Amino acid sequence: KFSTARGMQYDYSFHHRVDRVNNTLSYGLGYADAFAEWAALVSGTKYKFSEKPLHQLVDYYLDGICKMMIYGKYEDPGAQNRDITRADAQRAFGTVSLERLLQATDYRRNELEEIIRIRRNEATASLSHSTFYWQSEHFTFQRPDFFTSVRMYSSRDYNMEIPYNGEGLMNHHRGDGTNYISRTGFEYDELSPVCDWQKIPGTTVVQKPELPSEKEIQKKGLTGFVGAATDGKYGVVAFDFKSPHDPLEAKKSWFFFDHEYVCLGAGINSESKFPVATTLNQCLLNGDVVVASNNQKQVLTKGERQLNQAQWILHDGIGYLFPAPVNVNLSNQMQKGSWFIANHQSDTPKDEISKDVFKLWIDHGTQPTDAGYQYIVVPATNEKELEAQGNRSIEILANTTDIQAVTNRNLGISQVVFYTSGEIKISPELTIGIDSPGLVMVKTEGSKLKSVTVADPSRKLAKIHLSISAEISKTGNSFKSVWNKDKQISEIAIDLPQTVYAGKSVTIELQNQK
């Protein structure tokens, strides 16, 4: 059954404690495994599970556990807690529980069988989804050739587990908009001993001489505007970030499409005497690093350097593309450390370990005021594709503390984060306005509006009110649109999910517009 405290949440994430930290791939996996075992054992007997909870168990396994995994096979590093500091953290998962579920039911059989084939290396993933776990502030995005996620927290929950049993002692910033990116599932395999714990992928962090005590890891979020809008295939994520550890704030957002995603930051302010950095990635070094800067391309030798006017960077098949050339810092060299730095269990080895690491970050300097960043991550790419960056269909429409917005012209998708009421022109024909903060995604075909997806990250609204400069006279189960002839706009009121579903997205179809 669903729970509002410990247990399976209404979004199919799992909370083991009442701190509302995401435990789906740890305690939540054991929970599913136990029920799958019993479902198989009593199948065909008078004690068999009834249909409703059995279907709920399958939904939880596929939509909770598997969608929080890379290809349904490897753990999302962003969903890991203190377990990231264990040597076997990034293992491939087996098929026993899936087979047990198939013994008990035919419900969603094809999907269960596909995950089995993927885990047995009998098939490559055909999976595509965009999933937001609004109860855990966790977003995952899958395409057949890459997986990525965003981990956040809000005033509704805590950032990270307490470092129980002496594990996860350096996890202070691992919820701060963490954005891991995987093609193989092994990009971060056993990185913990040599990790730079203040340069977590996706995060904006004050670069302190050292992290505070492990007793200072778990903190409650300071802002409520944290969430995502998704239609199940594409999504936009927003994090009104205020660090509970440092005097630092930022507006951070991510915009996800088929072949790339856009990362925007605005309003980065800090009163700390230490510099602030936004990290694009920190992963195991695998092969050459190719850089285009100042209109010149080069393969980097190992070391650490600042790159002036960087246009794009390619490492391990993942491209980092800058819409406007920017100065970035890059390290592709050996980093040293020990498992014992972040894990003090009695059997943890203390030997020094060395690994080659790729690290890429933007230095915002000391005490930045209204600093920002914009970059595009292009997974599964190559030099030729990055050199043709002018042909990309991405347009960044706004990156301010009021609005962050991106359009993908090829897909006809525009995604907008409104931190306050306002409006934005997303094409010569189409302007969108909103009378409150909120997230909006629209799909268009030519000049016609196909659908609108909205969400309220603050979880405060009963309705979202939009104005759109297209004539739409339509009413559905959850919305009403009225054409205002005088203003030449459609006024749309969309009902939002409430109680345990507050924060969930709503999509309305508008193909029949005039």
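Everything below is about the structure printed above this text.
An account of the accompanying structure is given in this report. Owing to the predicted nature of the structure, the values given are computational and were not obtained by experimental measurement.

### Details of the nonpolar core
So, step 1. The biggest cluster of nonpolar side chains holds 56 residues, and the ones touching the most others in it are Ile313, Leu330 and Phe358.
So, step 2. With five residues, strand β18 (residues 318-337) is the largest single contributor of residues to this core.
So, step 3. Residues within four places of Leu330 in sequence aside, it is in contact with Val289, Val291, Leu300, Gly303, Glu304, Arg305, Leu307, Ile313, Phe358, Lys359, Leu360 and Trp361.
So, step 4. Membership of the second largest hydrophobic core comes to 34 residues, among which are Met8, Ile65, Tyr71 and Leu101.

### A look at the packing of helix α1 (residues 27-42) against helix α3 (residues 96-104)
So, step 1. With their axes 8 Å apart at the nearest point, α1 and α3 run at an angle of 40° to one another. Viewed along their axes, α1 and α3 adopt a mutual orientation that is oblique. When the axes of α1 and α3 are compared, the crossing they make is left-handed. The residues of α3 that touch α1, namely those facing Asp33, Ala36, Glu37, Ala39 and Ala40, are Ser97, Arg100, Leu101, Gln103 and Ala104.
So, step 2. Looking at side-chain class alone, the contact of α1 with α3 contains five nonpolar, two polar and three charged residues.

### Some words on empty space enclosed by the protein
Unfilled space is identified by rolling a water-sized probe across the atoms.
So, step 1. Applying the stated criterion to the full structure yields three cavities of 30 Å³ or more.
So, step 2. Contributing to the lining of the second largest cavity are Arg20, Val21, Asn22, Ser136, Arg151, Met152, Tyr153, Asp157, Tyr158 and Asn159.

### Considering the layout of surface pockets
So, step 1. Estimated volume of the largest pocket: approximately 390 Å³.
So, step 2. Forming the boundary of the largest pocket are 19 residues, of which Thr131, Phe132, Trp134, Thr230 and Lys504 lie nearest the centre.
So, step 3. Those elements that place two or more of their residues in the lining of the largest pocket are β5 (129-133) and β32 (506-509).
So, step 4. Residue composition of the lining of the largest pocket, grouped by class: seven nonpolar, seven polar and five charged.

### A word on the pattern of salt bridges
Two side chains carrying opposite charge are able to pair once their charged atoms lie near each other.
So, step 1. For the structure shown, the criterion picks out 27 salt bridges.
So, step 2. For the salt bridge of Glu99 with Arg120, the shortest nitrogen-to-oxygen distance reads 2.5 Å. Of this pair, Glu99 sits in helix α3 while Arg120 sits in the loop between α4 (109-119) and β5, and the two are 21 residues apart along the sequence.
So, step 3. A salt bridge links Glu445 to Lys450; the nearest nitrogen and oxygen atoms lie 3.8 Å apart.
So, step 4. Salt bridges sharing common partners tie together Arg17, Arg82, Arg86, Glu161 and Glu167.

### A short note on the side chain of Thr95
So, step 1. Mapped onto the secondary structure, Thr95 falls in the loop between β4 (74-75) and α3.
So, step 2. Classification of Thr95 as buried rests on a relative accessible area of 13%.
So, step 3. Residues within four places of Thr95 in sequence aside, it is in contact with Ile116, Arg119 and Arg120.

### Focus on the sheet that holds strand β21 (residues 394-399)
So, step 1. Strand order across the open sheet formed by six strands is β21-β22-β23-β26-β27-β32, with antiparallel pairing between neighbours. Both edges of this open sheet fall to β21 and β32, since each of them pairs with a single strand only. For this sheet, the mean angle separating the axes of adjacent strands, direction not counted, is 15°.
So, step 2. Summarising the sheet, strand β26 (residues 438-445) and strand β27 (residues 448-455) pair through seven bridges and their orientation is antiparallel. Residue Thr444 lies in a different strand from β27, and its bridge partner there is Leu449.

### Here we look at the packing of aromatic side chains
So, step 1. Throughout the structure, instances matching the rule amount to 20 aromatic pairs.
So, step 2. Pairing Trp134 with Tyr501 gives two aromatic rings, centres 6.1 Å apart and planes at 45°, and the pair type is tilted. Here the residue Trp134 occupies a position in the loop between β5 and β6 (138-143), and Tyr501 occupies one in the loop between β31 (489-495) and β32, the gap between them amounting to 367 residues.
So, step 3. When its relative accessible area of 7% is taken as the criterion, Trp134 is described as buried.
So, step 4. We classify Tyr501 as partly exposed; its relative accessible area is 31%.
So, step 5. When the centroid spacing of 6.1 Å and the interplanar angle of 40° are considered together, the rings of Phe141 and Phe146 count as tilted. By the burial criterion, Phe141 is buried, and Phe146 matches it.
So, step 6. An aromatic cluster of three or more residues is present, and its members are Phe2, Tyr10, Tyr12, Trp134 and Tyr501.
So, step 7. Over the ring of Tyr419 we find Lys251, and its NZ or CZ is 5.5 Å from the ring centre.
So, step 8. Over the ring of Phe340 we find Lys350, and its NZ or CZ is 4.6 Å from the ring centre.

Thresholds applied
Residues numbered from 1 in each chain as written. Predicted model: local features only at pLDDT ≥ 70, side-chain atom pairs only at ≥ 80, totals over all residues. Heavy atoms only, no water. Core = buried A, V, L, I, M, F, W, Y, C linked by side-chain atoms within 4.5 Å. Buried < 20%, exposed > 50% of the residue type's maximum accessible area, 1.4 Å probe, protein only. Helix = DSSP H or I, 4+ residues; strand = E, 2+ residues; numbered from the N terminus. Contact = heavy atoms within 4.5 Å. Axes fitted to C-alpha atoms, helices over the stretch in contact; angles between N-to-C directions. Parallel < 35°, antiparallel > 145°, perpendicular 65-115°, else oblique. Left-handed = near helix turned anticlockwise from the far one by under 90°. Nonpolar A, V, L, I, M, F, W, Y, C, P; charged D, E, K, R; others polar. 1 Å grid on protein atoms, 1.4 Å probe; cavity = no way out; pocket = protein on both sides within 12 Å on 5 of 7 lines; lining within 4 Å. Points joined across faces, edges and corners; volume = space filled by probe spheres on them. Salt bridge = Lys/Arg side-chain N within 4 Å of Asp/Glu carboxyl O. Pairing = 2+ DSSP bridges. Phe/Tyr/Trp six-rings, centres within 6.5 Å; stacked < 30°, edge-to-face > 60°. Lys NZ or Arg CZ within 6 Å of the ring centre and 35° of its normal.

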